[in-house]
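# An overview of the molecular structure
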Amino acid sequence: MKPLSKNIIIALVVVLVISAIFSGINLNSESPEEISMATLVSEIQEGVIKSIQIEGAEITILLQNETEQTTRKESAVSLSEVLIDYGITPEELKAADITVMDRSTRSYIMGVILPSMLPLMLLILIFWFMVKQMSGANSKALSFGMSNARENKDSKQKITFEDVAGAKEAKEELQEIVEFLKNPKKFSDLGAKLPKGALLMGRPGTGKTLLARAVAGEAGVPFFHLSGSEFVEMFVGVGASRVRDLFGRAKKAAPCIIFIDEIDAVGRQRGTGMGGSHDEREQTLNQILVEMDGFDPNIGVIVVAATNRPDVLDPALLRPGRFDRRVVIDLPDINDREAILKIHAKNKPLADDIDLRRVGERTPGFSGADLMNLLNESAIRAARRDDKVIIQEDILDSIEKVLLGPERKSFVMNKEEKKVTAYHEAGHALIAHMLPESDPVHKVSIIARGNAGGYTLKLPSEDRRLQKRSEFVADMAVMLGGFVAEKETFGDVTTGASDDLRKCTSIARELVTRFGMSETLGPRVYGNSQEMVFLGKEIHEQRNYSEKTAEAIDLEVDKFIRGAMDTARDIIRKEKMQLDKIAKELMVNETIEKEAFEALFTPAAV
Ligand code: ADP
Ligand code: MG
Ligand code: ZN
C-alpha cells in the first residue's frame, strides 16, 4: 500500500534527523585541551580555577578566563583524595568550587539510555503512524452510511433561469416551485399544501441538471446535489441509511432543494432487477418513499429528481404526494437551439458573418449539451487555425464532426476505391434528391469520417415529432441507394454498404413490429418490448406471437426492403446520367455542398 510505505519513509527520516542531532551535539562540542593532573594541581594552587566538574572519571575544568580543560582520574577514587595526595590544602580545595555531576545525567543519557531507546522510539513511531492510518480508515467506515450529498450555497456561480434557453413550459412549471421555496409561509397560511417533489424528464443533455440548479439559484436556497447511483454501494442498507441522513440534513436546512440526478439508478421498477444490487436498490427506493411521505409538506423541502428513463421508474414514485409535478423537457426546437447557441456563444468571439439561426437550422435533433459541445469544438478548431475568432466554417465542420466523427484525411483511398465510394455516395444523394418525401441533401462527401468511407448529409427542413410511413419508405430507398448504385455501375457490390443494410433492415423490422405499418399484419405490436435491466432488448425480446407470425414478419420485412430496393433501382436506371455527373464531381472535388449539388440538376450547369 502506498500511504503506508510513505509513512515508513517519513518515520525513517525522523529517526535519522534525531540521531543526526544527537551525534551532532557530540561532534560539535569543541574538544577542550587535555591537561595532566599535575597541571591541575598547580592551577589550583595559583587560584586561576573558576570551577571543576567531575563526571565519573572525566574532569572538566573551567578557568577564570573561561577556557575549558579536561583531565582524567581513576574512577574509583574521589578527586579530593587525589588532590590532597598531591598536597592541596583543604582551603585551596574549597576555593576551587568542585561540583560532582552524577554519572546518570548527561553522559548517562547519551551513552546508555539513548542507544537503547532509539529502536523503541522507532517502534513507537511506526506504531503511531499505523494507528493513525487505521483510525483514518475507521472514521471512513463510520461515515459510510452518511450521504455524500454536496451542498452548494455559494452564490458566486449562481445559475438562474436566464442561463437556460428555451424549455419555456418547464420553466413556467418550476417557477411555481421557486415561489414556494421563497415564501413557504404565504402558501401554508392559506392551507395550501406545498408540492413535495418534481420530476424532470427528458433526453440526456436537454438541461435537466441545469434547470434544477436554476431553480435553486432563483429561490436562493441551499441545494443538495446527489446522483442516484451514489446511494448504491456494495453493502445492503447503506443506501437507505444515506437517504435518511440526506433528508435529515435537508430538514435542518429547510427551505431547501434536494436534487437526485439520474434517479432511475435507484428508482427502477421493483421486482424486475437482475444482478446483485437488486435488494439494495429496493431498500433505498423504499427509504426514499418513506422519507418523502414522512416529512411535513410545509417545512419547505422539495425533492427534485431527474431521469432520462421515465418509462422504467417505479409507479410508486410517480404517485401523487411524491413526485407529483412532472416536467417534460423536449429536445430544443429551432428557436430554442438558436437561443442556446446564443447563450453559449457569449464568451466566444464569433466572426461577424456567423448566422446562429443557420447553425440552428443545421442541427435538428441536437440537445443543449450537443450544441454546447458544438461551439466548443468550433472554438478548438479556430484555435488550431491560429485565428482569434470563430468563423462559420469552424461551426459547419464541427457539426459534421459531432454527427459523424472526425475527418480521416490520412485515410487514402486508391483510385478504384475512390470511384466506388463516389458512386455509392452519389447513389444516396441522387435518390434523396429525387424522392420528395426524403430530406434535402446538405452535403455529399467522399472524405472518410468516423467509421464511414464517405457520407451524404441530409437534414430535415423543419423539426418534426411524428414520422410518416412514406418518409420511412423513402429513407430506406435512400439508404439502399449506395448499394444499388454500386451494383448498377460496376455489376458488383462492396462491404461499404454493410452499415446501410443494417440500418435499413432494422427500420423495416420496426415498421412491421412496432409501428403497425405493414398492411398484411396490421396495427399490432409484435414482441414484448419491455427492456430488461442489464441485457439489451435484442437478446431478451420476449416473443408473444407464434412461429407462423414470425415467418409472416420476416416476409413483410422482406417486402419493405425489396420495395425500397426497386424504388432505388428505378431511379438510378432512369437518372444514370445524373448519377455519373454527381460521381464525377465527387471524384474531382471530394465534397459537394448543397448549392453546388442542386446546381448539378439544372440543365444549364452541364
Ligand atoms: P441533462 O442533465 O439533461 O443530461 P445537463 O443539464 O447536464 O443535461 O446539460 C448539459 C449542458 O448542456 C449544460 O451544462 C448546459 O451547458 C447545456 N445545456 C443544455 N440545455 C440547455 C439549455 N436549454 N440552455 C442552455 N444550455 C443548455
Ligand atoms: Mg444530468
Ligand atoms: Zn452508404
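As a further point, take the pattern of salt bridges. A full pass over the atoms with the stated rule returns 30 salt bridges. With a shortest N-O distance of 2.7 Å, Glu400 and Lys443 are connected by a salt bridge. Taken together, the residues Glu400 in helix H16 (residues 392-404) and Lys443 in strand S12 (residues 441-445) connect sequence positions 43 residues apart. Side by side, Glu400 and Lys443 carry an identical accessibility label, which is buried. The salt bridge partner of Lys559 is Glu556, with a shortest N-O separation of 3.3 Å. Of this pair, Lys559 and Glu556 both sit in helix H21 (residues 547-574), three residues apart, which is roughly one turn of that helix.

The subject of this paragraph is the coordination of the zinc ion (ligand 3). The coordination sphere of the zinc ion (ligand 3) contains the protein donors His424 (NE2), His428 (NE2) and Asp500 (OD), at a distance range of 2.0 to 2.1 Å. Of note, the zinc ion (ligand 3) draws all its donor residues from one chain, in the sequence arrangement H-x3-H-x71-D. A residue pair is termed a helical-turn pair when its members lie 3 or 4 positions apart in one helix, as His424 and His428 do in helix H17 (residues 415-434) at four residues. Accessibility assignment for this pair places His424 and His428 in one class, buried.

Below, the discussion takes up unusual backbone geometry. A positive phi angle, near 70°, is found at Glu66, a position not held by glycine. Examined against the element boundaries, Glu66 turns out to sit in the loop between strand S3 (58-63) and strand S4 (68-72). A relative accessible area of 48% places Glu66 in the partly exposed class.

It is worth spelling out the packing of aromatic side chains at this point. One pass over the structure, following the stated rule, counts seven aromatic pairs. Centre to centre, the rings of Phe223 and Phe259 are 5.8 Å apart; their planes meet at 20°, and the pair counts as stacked. Taken together, the residues Phe223 in strand S8 (residues 223-227) and Phe259 in strand S9 (residues 256-261) connect sequence positions 36 residues apart. Here Phe223 matches Phe259 in class, with each residue buried. Both rings, one in Tyr423 and one in Phe490, keep their centres 5.5 Å apart while their planes meet at 85°; by these two values the pair is edge-to-face. Here the residue Tyr423 occupies a position in helix H17, and Phe490 occupies one in helix H18 (residues 469-490), the gap between them amounting to 67 residues. The exposure class assigned to Tyr423 is buried, which follows from its relative accessible area of 5%.

This part takes up the confidence of the model for the chain. Taken as a whole, the chain shows an average pLDDT of 81; of its residues, 85% reach a score of 70 or greater. When the criterion is pLDDT under 50, residues 531-539 qualifies, and its contacts beyond four places in sequence or with other chains add up to eleven contacts.

Take the site of ligand 1 next. In the vicinity of ligand 1 lie 16 residues, with Ala165, Gly205, Lys208, Thr209 and His344 positioned nearest. Separating a nitrogen atom of ligand 1 from a side-chain N or O atom of His344 is a distance of 2.9 Å. For ligand 1, whose free accessible area comes to 550 Å², the fraction covered by protein is 83%. Among the elements of the structure, helix H8 (208-219), helix H13 (334-345) and helix H15 (368-384) are those that each provide at least two residues to the shell around ligand 1. Residues belonging to the shell around ligand 1 are distributed by class as follows: seven nonpolar, six polar and three charged. Of the residues that make up the shell around ligand 1, three or more belong to each of domain 2 (150-329) and domain 3 (334-404).

The rules behind each value
Residues numbered from 1 in each chain as written. Chains lettered and ligands numbered in written order. Predicted model: local features only at pLDDT ≥ 70, side-chain atom pairs only at ≥ 80, totals over all residues. Heavy atoms only, no water. Salt bridge = Lys/Arg side-chain N within 4 Å of Asp/Glu carboxyl O. Helix = DSSP H or I, 4+ residues; strand = E, 2+ residues; numbered from the N terminus. Buried < 20%, exposed > 50% of the residue type's maximum accessible area, 1.4 Å probe, protein only. Donors = N, O, S within 2.8 Å, 3.2 Å for Na, K, Ca; no water. Phe/Tyr/Trp six-rings, centres within 6.5 Å; stacked < 30°, edge-to-face > 60°. pLDDT = per-residue confidence, 0-100. Contact = heavy atoms within 4.5 Å. Near = heavy atom within 4 Å. Polar contact = N/O pair within 3.5 Å; in protein donor to acceptor, adjacent residues only side chain to side chain. Areas by Shrake-Rupley, 256 points an atom, 1.4 Å probe, with all protein chains shown as cover. Nonpolar A, V, L, I, M, F, W, Y, C, P; charged D, E, K, R; others polar. Domains from an automatic or database assignment.

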